[in-house]
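Chain by chain, the residues:
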Amino acid sequence: MTSRTGFFILAAVLFLVALVCMGEGVQLIATGKPFGIGIGICAFIIPGIGIWFLRQTIRFGRTTEAMARELEAQGGLPVDELRRTAGGRIDRDSADEVFARRRAEAEAEPADWRVWFRLAVAYADAGDTPRARKTMHHAIKLRSNP
């Protein structure tokens, strides 16, 4: 199963759970009791927050895919130059070397979203997913506001 398929399965489950939760919320509100009304309102708010996060994740994914296509058309996608172990895992020292180069590129051209995109990929290759996402968000901002 690909990550995209898994994502869509989980998104469908989220929507199903949200519908069930909101249905229970309607029943709780219909009781007319203050405690039931409070929990019923929460049964609408919490799935709404989950759906908002899902929407943000979809927007992030679509934007990064568009950026990757644009970089590919320009010939600027990062080349996979990482060494791998016999088991196929990325060699940590190799990832650190590539990361150091990408970071130097980003420091040299801080206004170019392309170098920040490549730095985000280097962060991901180095196993630092939170920084990879933060850096990709920065690249998205730079691309949106030239």
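Residues numbered from 1 in each chain as written. Predicted model: local features only at pLDDT ≥ 70, side-chain atom pairs only at ≥ 80, totals over all residues. Heavy atoms only, no water.

(A) Quick look at the packing of aromatic side chains. Evaluated as defined, the whole model comprises three aromatic pairs. Ring plane angle 70° and centroid distance 5.0 Å describe the contact between W52 and F53, whose orientation is recorded as edge-to-face. According to the relative accessible area criterion, W52 is partly exposed, its value standing at 46%. With 4.7 Å between their ring centres and 55° between their planes, F99 and Y123 make a pair best called tilted. Note that F99 is positioned in helix α3 (residues 92–108) and Y123 in helix α4 (residues 113–125), a separation of 24 residues in sequence. (Phe/Tyr/Trp six-rings, centres within 6.5 Å; stacked < 30°, edge-to-face > 60°. Buried < 20%, exposed > 50% of the residue type's maximum accessible area, 1.4 Å probe, protein only. Helix = DSSP H or I, 4+ residues; strand = E, 2+ residues; numbered from the N terminus.)

(B) Geometry of the pattern of salt bridges. Here the structure, examined in full by the defined rule, presents 11 salt bridges. The partner of E81 in a salt bridge is R101, and the shortest N-O contact between them spans 3.1 Å. Of this pair, E81 sits in the loop between α2 (34–74) and α3 while R101 sits in helix α3; the two residues are 20 residues apart in sequence, bridging distant segments of the chain. When its relative accessible area of 38% is taken as the criterion, E81 is described as partly exposed. Among the ionic pairs, E97 bridges to R83, the shortest N-O distance being 3.5 Å. (Salt bridge = Lys/Arg side-chain N within 4 Å of Asp/Glu carboxyl O.)

(C) Up close: the nonpolar core. By size, the foremost hydrophobic cluster in this structure holds 18 residues, and its most contacted members are M67, W113, W116, F117, L119, M136 and A139. Listed by contribution, the elements that provide at least two residues to this core are α2, α3, α4 and α5 (129–144). Ranked by residue count, the leading element in this core is α4, at eight residues. When sequence neighbours within four positions are dropped, the list of residues in contact with F117 reads T64, M67, A68, L71, L77, P78, M136 and A139. (Core = buried A, V, L, I, M, F, W, Y, C linked by side-chain atoms within 4.5 Å. Contact = heavy atoms within 4.5 Å.)

(D) Structural detail: the side chain of D112. Considering the arrangement of structural elements, one finds D112 in the loop between α3 and α4. A polar atom in the side chain of D112 sits 3.0 Å from the side chain of R114. (Polar contact = N/O pair within 3.5 Å; in protein donor to acceptor, adjacent residues only side chain to side chain.)

Everything listed here is a matter of coordinates, which is why it stays silent on function.
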